[in-house]
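The lines below spell out each chain.
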Amino acid sequence: MAIFTSSISFECRHEEELGEDFEVQLRGEVSPNTKMRELDMFRNKDIYSRSQSQKSSGSYCCILLVTMAVGELYSDQQPLLSNGGHDNEYKIKETRIFLSLAKWVLKFTMWVVFVAWVALFFLVPTDFGTGLYDVWVNATSGTLFGETGSVLLLYSGPIVIIAFLAVPYLLVSGEEQQKEQLQEKRPPRFRLWTFPVLVDGPFGVVSAAELIGIVLFVMFVLWAVYAYTVVNFEILPSYGDLTLQEKRLFMLQMSAYTFGLIALSCLAFLFLPIARGSILLRLVDIPFEHATRYHVWLGNLTMFLLTLHGLFYMILWAIRGIILSEIIEWKSDGGANLAGVICYVFGLLIWVTTLPPVRKRYFELFFYTHQLYVLFVIFLALHIGDTNFSKVFGGIFLFMLDRFLRFCQSRMTVNIVSMKSLPCGTVKLVLSKPGNLRYNALSFIFLRVWEISWLQWHPFSVSSSPLDGKYHLSVLVKAFGDWTSMLSRKVSNITEDSQIELPLLPPGQIMASVEGPYGHESPYHLMYEKLVLVAGGSGISPFLAILSDILHRTKDKKTCVPRNVLLVWAVKRSNELSLFSSTGVESICSFFSDKLNIEVQMYVTRESEPSLEEGNIHKATSSSVFSIGGGISALVGTGNKIWVGCYVIISTIGFVISLSLLDIFYINPFSISYWWYKGLLFVACMVVSVFIYGGFVVGLWHLWEKRTLAMEESQEDGVKTDMMRPNEVFTEKNLYQESLASSYAVRYGCRPDFKEIFGSVSARWGSVDVGVVVCGPQTLLSSVAKECRSQNLKRRNYDPIFHFNSHSFSL
């Protein structure tokens, strides 16, 4: 059933033949089938007979126009046959049932595989699990891949299978499922992912779901240590009569080996969160900025276990007096010790530079040392061999696929449509993008400017809504460190020169490359009818995108739009308030008071009174427009699902083919048995499969994107209207700014009192789910999370539930 309302009125020139003014009205809720029957009656009976007898008169033209207008109105909704509506409705219903069943089957299968995979890690350390593992290896030892293939299928197979199943699941789900989730109205309820449990401490703000994950990992480590130790004691008598000293040394050696095995299990998960466009992150709808935290936690745990692994061996070798000879030993039938030492040194360098004092003060050092992960992986394979390395294959391989795709995307030079320098030193960049590259208001990109650094990439939240324009997105870059300060100065110089000398900048002034956009698969800010947005400093950037998105949707009368929005923004200086007018939010519509309530509270913490230039804080100092390249490449993991799925699947098949050819024509005929050498060949097969097989898919994908863009440009005559008027966005703001000025509350010399703010919201909004989104420093996150937790714990039946969402991350 669809609602159609139309009114077509005209005056016939022969009123004596048709009577009064002819008016056709269709109002209310009418099925398409009924409308077509009425149209058939209209055409086939009295009116049609009159028109046939009076073709020479003007009345025929009037009747024909009505018939054509009504037909055009409903032609897109219903086929010509009158009974087609019922068939279509039945087919649509049948299709929905089939898709729902397919999604349920795929989801259930992925859960079964995942639970079995996690259970494997808990079972293997036990005596029972070791027995099952030995049975599995012996049963498959005669196959082409031997023990390596058995371990590969057992440890890495499940995560690859989940990645394969995620492709059809995401295709089946599509945008319709997102719309259904957003439109679904439920009573207020707590959610594990948005309920903050820990708000202070080394982990930062931790939700209930994240705490469960942390507890599971800690339990796994403790359980594995205990289980392996019990097994080691059980096998101790099999070594004969040993002295007490020999028993101690044996247990020390086995404990060192145990920590290595547990560290290897953690490495199986370590690379999964940092694959920015991974199909797995899209499946669970966890954006990269959140997943980065999990990578940091896993990295700390892995380095702790590797340190114990190496330390115990060092103590053992020191007691036996063979420490130097063991360190430099390069075994052919076991672990290459020297390769393990080198691997640990690289890992230690990476870990040290990730410590907050080092990373914040020497970001470039942190960034460059992190590229040592390539050598870390290579020497890890040399140390443990192909069989053990196959345990961590899944996560590393998916990361390699993402890294290669990012490399291909970053080769493109992106057109900077316009630049704008604000008084607070912040720069706004408007970047060109193709029309089929989708993102949402919570997305972010990685930006590289060639004139500043060829290697450094910095993340920035988008400050524009997808509804602002089909062919561009914008970011705000605040001058904070060396890289951003250099960009701010360069943009200021260029824009000043362009205003003085030329209306348009010559090409080649700034060359930029972009990776992304990344972020949530679905815009979760639309799930809530009421929103509280809390920003600190340049953290206002994603909220400008959210506000613009909400205002556009309100103007277009779209569903799933929050009706009450409270924005709390704290800045150090009043000149930073110019960020709020850096987008065209105010120019979308002048009055939304009857549909949307936006309240803005601004806090200037380091000024006790308004600035004398307060009237100018919403004006930019300069802007410019120029063109030097193309749009952002659509070769991104968050892009076309079909191509991403083909890329993952064909690359994996290519790896299996490469490994098969290697075993058939080299390893088996020549009886290659060196651990370190087979480990190196295993990594080489991974690289070949990504570059050759994956590169082939990426090449086809690129050609398809070029053809799609060419078709779009030909259909639109090459004119992209939303990119041709970048300055126009900033010229029509005064009306809406004045209409909204009464909602602004700027307070000087104080900080937000979140207890008072959330208490007021709780009293006004009643029993409802309130989305709280925070973007700012860690202290701000902790303060807001603590108040959300406090309000939820003391909640009464008629009070709202505050759902905490963080949009902040640091690399």
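Parameters and conventions
- Residues numbered from 1 in each chain as written.
- Predicted model: local features only at pLDDT ≥ 70, side-chain atom pairs only at ≥ 80, totals over all residues.
- Heavy atoms only, no water.
- Helix = DSSP H or I, 4+ residues; strand = E, 2+ residues; numbered from the N terminus.
- Buried < 20%, exposed > 50% of the residue type's maximum accessible area, 1.4 Å probe, protein only.
- Contact = heavy atoms within 4.5 Å.
- Patch = residues over 30% accessible without salt bridge, like charges linked within 9 Å, V, L, I, M, F, W, Y side chains within 5 Å.
- Areas by Shrake-Rupley, 256 points an atom, 1.4 Å probe, with all protein chains shown as cover.
- Salt bridge = Lys/Arg side-chain N within 4 Å of Asp/Glu carboxyl O.
- Lys, Arg positive; Asp, Glu negative; His and termini not counted.
- Charge placed at Lys NZ, Arg CZ, Asp CG, Glu CD.
- Expected span 1.5 Å × (residues − 1).
- Pairing = 2+ DSSP bridges.
- Axes fitted to C-alpha atoms, helices over the stretch in contact; angles between N-to-C directions.
- Phe/Tyr/Trp six-rings, centres within 6.5 Å; stacked < 30°, edge-to-face > 60°.
- Lys NZ or Arg CZ within 6 Å of the ring centre and 35° of its normal.

### Description of the overall build of the protein chain
Item 1. Within the protein chain one finds 24 helices and 19 strands.
Item 2. Buried positions account for 52% of the 811 residues belonging to the protein chain.
Item 3. Taking the intrachain contacts of the protein chain between residues at least 6 apart in sequence as the baseline, contacts between residues at least 24 apart amount to 79%.

### Some thoughts on a positive patch on the surface
Item 1. A cluster of basic residues, Lys572, Arg573, Arg606 and Arg751, forms a positive patch on the protein surface.
Item 2. Structurally, Arg573 is set in the loop between strand E14 (564–571) and strand E15 (597–604).

### Let's talk about helix H11 (residues 288–320)
Item 1. A rise of 1.5 Å per residue sets the reference length of H11, with its 33 residues, at 48 Å; its end C-alpha atoms lie 47 Å apart and thus fit the reference within 8%.
Item 2. Residue Gly321 follows H11 closely and has a positive phi angle near 75°.

### Structural notes on the sheet that holds strand E10 (residues 458–461)
Item 1. Spatial strand order, E10-E9-E12: three strands in an open sheet with antiparallel pairing. Bordering the open sheet on either side are E10 and strand E12 (512–518), each of which pairs with just one other strand. Strand-to-strand, the axes of this sheet are offset by a mean angle of 30°, without reference to chain direction.
Item 2. Summarising the sheet, strand E9 (residues 444–449) and E10 pair through four bridges and their orientation is antiparallel. Residue pairing in the sheet places Phe446 in a bridge with Pro459 of E10.

### Remarks on the packing of aromatic side chains
Item 1. Counted according to the given criterion, the structure contains 46 aromatic pairs.
Item 2. Judged by centre distance (5.2 Å) and plane angle (80°), the rings of Trp450 and Trp454 are edge-to-face.
Item 3. Ring centres 6.4 Å apart and planes at 5° place the aromatic pair Trp643 and Trp701 in the stacked group. Taken together, the residues Trp643 in helix H20 (residues 641–667) and Trp701 in helix H21 (residues 675–715) connect sequence positions 58 residues apart.
Item 4. The buried category is assigned to Trp643, whose relative accessible area is 17%.
Item 5. Joined through ring pairs, the aromatic side chains of Trp111, Phe114, Trp117, Phe121, Phe122, Tyr133, Tyr155, Phe217, Phe220 and Phe269 make up one cluster.
Item 6. Its end group placed over the ring of Phe446, Arg276 keeps NZ or CZ at 3.6 Å from the ring centre.
Item 7. The ring of Trp450 has Arg448 lying over it, and the distance from NZ or CZ to the ring centre is 4.0 Å.

### Observations concerning the pattern of salt bridges
Item 1. In this structure the tally under the stated criterion is ten salt bridges.
Item 2. The salt bridge involving Asp769 is made with Arg191; its shortest N-O contact spans 3.8 Å. Of this pair, Asp769 sits in strand E18 (residues 769–775) while Arg191 sits in the loop between helix H7 (146–183) and strand E5 (196–198), and the two are 578 residues apart along the sequence.
Item 3. Take Asp769: its relative accessible area is 10%, and that puts it in the buried class.
Item 4. Here Glu515 and Arg406 are joined by a salt bridge, their closest N and O atoms 3.2 Å apart. Of this pair, Glu515 sits in strand E12 while Arg406 sits in helix H17 (residues 393–410); the two residues are 109 residues apart in sequence, bridging distant segments of the chain.

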